[in-house]
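Listed below, chain by chain, are the residues.
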Amino acid sequence: MSNVSITLHNNDEARGLIAAIQKDNPNSVSHVYPGMVKIDCPDRIVIFRESVELEIGRSWTVNEIHLSLISLAGNVDEDDDYFAIHWNH
Amino acid sequence: MRMMIILPFIGIIERETTMNVQKKISLKDRYRILTRGLDWETSYQPMGKVFPDVGFEGIKIRNWDDFNDPFRLTMDAYWRFQAEKERKLYAVLDSFSQNNGQTAITDGRYVNTLKLFLTGISPDEYMAHRGFAHVGRQIPNAGLRISAQMQALDELRHAQTQIHTIGQYNKHFSGLHSFRRMHDRVWYLSVPKSFFDDAVTAGPFEYMVAIGFSFEYVLTNLLFVPFMSGAAYNGDMATVTFGFSAQSDEARHMTLGLEAIKFILEQHEDNVPIVQHWIDKWFWRGYRVLTLVAMMMDFMLPRRIMSWKDAWDIYFNDAGGALFGDLARYGITLPKYVDVPAKEVNRLSTEAWSIFYQYTHAAAFHTWLPTDQEMDWLSASYGPDWDRLYRPRFLHWRQMEKEGHRYYNNALPQLCQVCQIPMAFTEPDDPTRVAFRDTVYRGERYHFCSDGCKNIFDHEPEKYVQAWLPVHQIFQGNCGGASLDQVLDWYGIEKGVDNMDYAGSPDERTWKEWEAMRGRVAG
């Protein structure tokens, strides 16, 4: 099993997003580095639009992830309601 | 059509409307509309003449429409997000400059990492822009072309924002005034320069594998994340901000690189060995360039965020291992010589910093010997071998400095024909012996620092015999003259200001004045 990974800014804009990822991906492990948070998770990370909207209290389009993203590892799958990263092993 | 309108406190009214009510188009549909049916078969000219570079590399494509950008980013969304990133970045830069943020860094030595970045990396961002513009022009598929166009614009943005950000430091520190000229001329900057020159002179598919995949996906985290986390840790708010702003584009670039390589591999099995060789080549080329990053992390940051070894573990061993597991189903294996970086990991940065210490008189940034505390950190990071092999060298040089005989190497070093780094690396299995490899091609002998670089040369000797090697060029009289002073003038290095040790430099004087000012306020 390999980890997928997403690295996000550690700032106000990304805080709700990070909280949503942590809730929806209970096996994930978060590492806090200066200025950023790296979240690793075995095989797959899914970010649901609805979960992020619940956290931040406003509507959110999945595209907005581009404003918070620093790096990622894995294959990307993006649609209107979710953003997923996975390996195809 | 008739439409029901719900009005608060009034109720539901029904009325005729001419409005064309449409459901919002989904992300997938918007992307499909943008990227399908935009192309046509040319009739005035044969397609081969319109896209002349797409055939000669031997890559076979059965169906161009198989390529999809998983981000499905459309142009309107692209412009909106990029504009938002720029607004945020320039607000920080403005505030940084207004509030004299340069006085809040950990130590004046820190600025030398920015000198290395501006002269070594920023001009390559511009070259990446040109490379992706070329790919965008040459690839006959609208999806790939749009992604390449976006990346070409991103790379231009990176070059510009880096120049703007570091411009604030140029007002106060030396060595930042002629970054473009230095990039083209200074000996150690030929390492990153030749890397990108090599990439942009390849065909569009090799460029995608070289930069899009091998550099962006496999290695870019090792460049940006340690640099920017290092900046955050050393109080450089402006650099963190441009770095992470650039890096937010990199996630898209990495994804483009991975999708492009999967696309090429899925199109035809004959593509697999070609791509494998490119992965082997560009992994090794990129790794050698990252030597400069290793040195920056372990020797140049006053406060260290992580060692080169930690970064290699996190960003190559963990992430890279999973990636190559993913590509195994295409028959792609880990790059050739992938075991060598692991063997060199404990000494790479030390060997590199030792070169710069010896040639400080010809460098556009300042050098210094590690303090006792810094050597303790290095030995804790790299184990007892570091103490046995390298601490004595630094202590010896320290003693020479004390006795007034600071060591300078006045001989010009032999350079590797491929990576262009001075031949100071040691054998993978024996750190006490310098590694030499060579090949005779058409009656001339060419020298290499490693099996990785020799392998690259042997595969394309016609390309690498043309390398512009700084030391050869000096000896041939093409670099301003025969004396060090003449060469430094030609480089654009101001003697006694930009070069030599940090101790006694104008940079150190500036920093000490600022510290004294803070002391007076505090007292």
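Visitor: An account of the overall build of chain A is needed here, citing residue identities and associated values.
Guide: Along the backbone of chain A there are 2 helices and 7 strands. For 89 residues, the compact-globule estimate of 2.2 N^0.38 gives 12 Å, and the C-alpha radius of gyration of chain A, at 12 Å, lies within 12% of that figure. Projecting the C-alpha coordinates of chain A onto the three principal axes gives extents of approximately 35 × 30 × 20 Å. By residue count, 42% of the 89 residues in chain A fall in the buried class.

Visitor: Any chance you could break down the overall build of chain B for me, citing the residues and the numbers?
Guide: When helices and strands are counted, chain B shows 23 helices and 6 strands. Its C-alpha atoms give chain B a radius of gyration of 26 Å, near enough to 24 Å, the size a compact globule of 523 residues would have. For chain B, the spread of C-alpha atoms along the three principal axes comes to 95 × 70 × 45 Å. The burial tally for chain B puts 47% of its 523 residues in the buried class.

Visitor: I'd like a rundown of the nonpolar core, residues and numbers included.
Guide: All names here are of chain B. If you look at the biggest cluster of nonpolar residues, it comprises 158 residues, and the most contacted ones within it are Val209, Ala210, Leu290, Leu292, Val293 and Cys453. With 20 residues, helix α9 (residues 204-233) is the single largest residue contributor to this core. When neighbours within four sequence positions are excluded, valine 209 is seen to be in contact with Ser214, Ile261, Val275, Trp278, Ile279 and Trp282.

Visitor: Can you break down the packing of helix α3 (residues 75-98) of chain B against helix α10 (residues 237-267) of chain B residue by residue, with the values?
Guide: All names here are of chain B. Running from amino to carboxyl end, α3 crosses α10 at an angle of 170°, the nearest separation of the two axes being 9 Å. With respect to each other, α3 and α10 are oriented roughly antiparallel. Residues Lys85, Leu89, Val92, Leu93 and Phe96 of α3 touch α10, and the partners they reach there are Met237, Ala238, Thr241, Phe242, Ser245 and Ser248. Residues of the contact of α3 with α10, tallied by class, amount to 7 nonpolar, 3 polar and 1 charged.

Visitor: An account of the interface of chain A and chain B is requested, with residue identities and associated values reported.
Guide: Facing the 25 residues of chain A at the interface are 33 residues of chain B. At the level of elements, β1 (3-9), β5 (69-73) and β6 (75-78) of chain A are the ones that each hand at least two residues to the side of chain A that touches chain B. When residues of the side of chain A that touches chain B are assigned to their parent elements, the largest contribution, 5 residues, is made by β5(A). In terms of residue class, the side of chain A that touches chain B is made up of 10 nonpolar, 11 polar and 4 charged.

Visitor: I'd like a rundown of the sheet that holds strand β2 (residues 29-33) of chain A, residues and numbers included.
Guide: Read across the sheet, 4 strands follow the order β2-β3-β1-β5 (chain A) without closing on themselves; strand pairing throughout is antiparallel. Taken across any chain shown, the strands that pair with only one partner, and hence form the sheet edges, are β2 and β5 of chain A. For this sheet, the mean inter-axis angle between neighbouring strands, taken without regard to orientation, is 15°. The sheet strands contacting α10(B) are β1, β3 (36-42) and β5 of chain A, and the helix crosses β5(A) at an angle near 30°.

Visitor: So what's going on with helix α4 (residues 111-120) of chain B? Which residues, and what values?
Guide: Judged by how many residues are buried, α4(B) sits mostly within the fold: 10 of 10 residues are covered. Listed as buried for α4(B) are B:Val111, B:Asn112, B:Thr113, B:Leu114, B:Lys115, B:Leu116, B:Phe117, B:Leu118, B:Thr119 and B:Gly120.

Visitor: Account for the environment of B:Leu258, naming residues and giving values.
Guide: Within the fold, B:Leu258 resides in helix α10. By the C-beta count within 10 Å, which is 23 here, B:Leu258 ends up buried. Along the backbone, B:Leu258 and B:Asn409 are 151 residues apart, and their C-alpha atoms lie at a distance of 44 Å. Setting aside anything within four residues of it in sequence, one finds B:Leu258 in contact with A:Asn75, B:Phe213 and B:Tyr217.

About the cut-offs
Residues numbered from 1 in each chain as written. Chains lettered and ligands numbered in written order. Predicted model: local features only at pLDDT ≥ 70, side-chain atom pairs only at ≥ 80, totals over all residues. Helix = DSSP H or I, 4+ residues; strand = E, 2+ residues; numbered from the N terminus. Rg over C-alpha atoms; globule rule 2.2 N^0.38 Å. Buried ≥ 20, exposed ≤ 12 C-beta atoms within 10 Å, placed from the backbone. Core = buried A, V, L, I, M, F, W, Y, C linked by C-beta atoms within 7 Å. Contact = placed C-beta atoms within 7 Å. Axes fitted to C-alpha atoms, helices over the stretch in contact; angles between N-to-C directions. Parallel < 35°, antiparallel > 145°, perpendicular 65-115°, else oblique. Nonpolar A, V, L, I, M, F, W, Y, C, P; charged D, E, K, R; others polar. Pairing = 2+ DSSP bridges.

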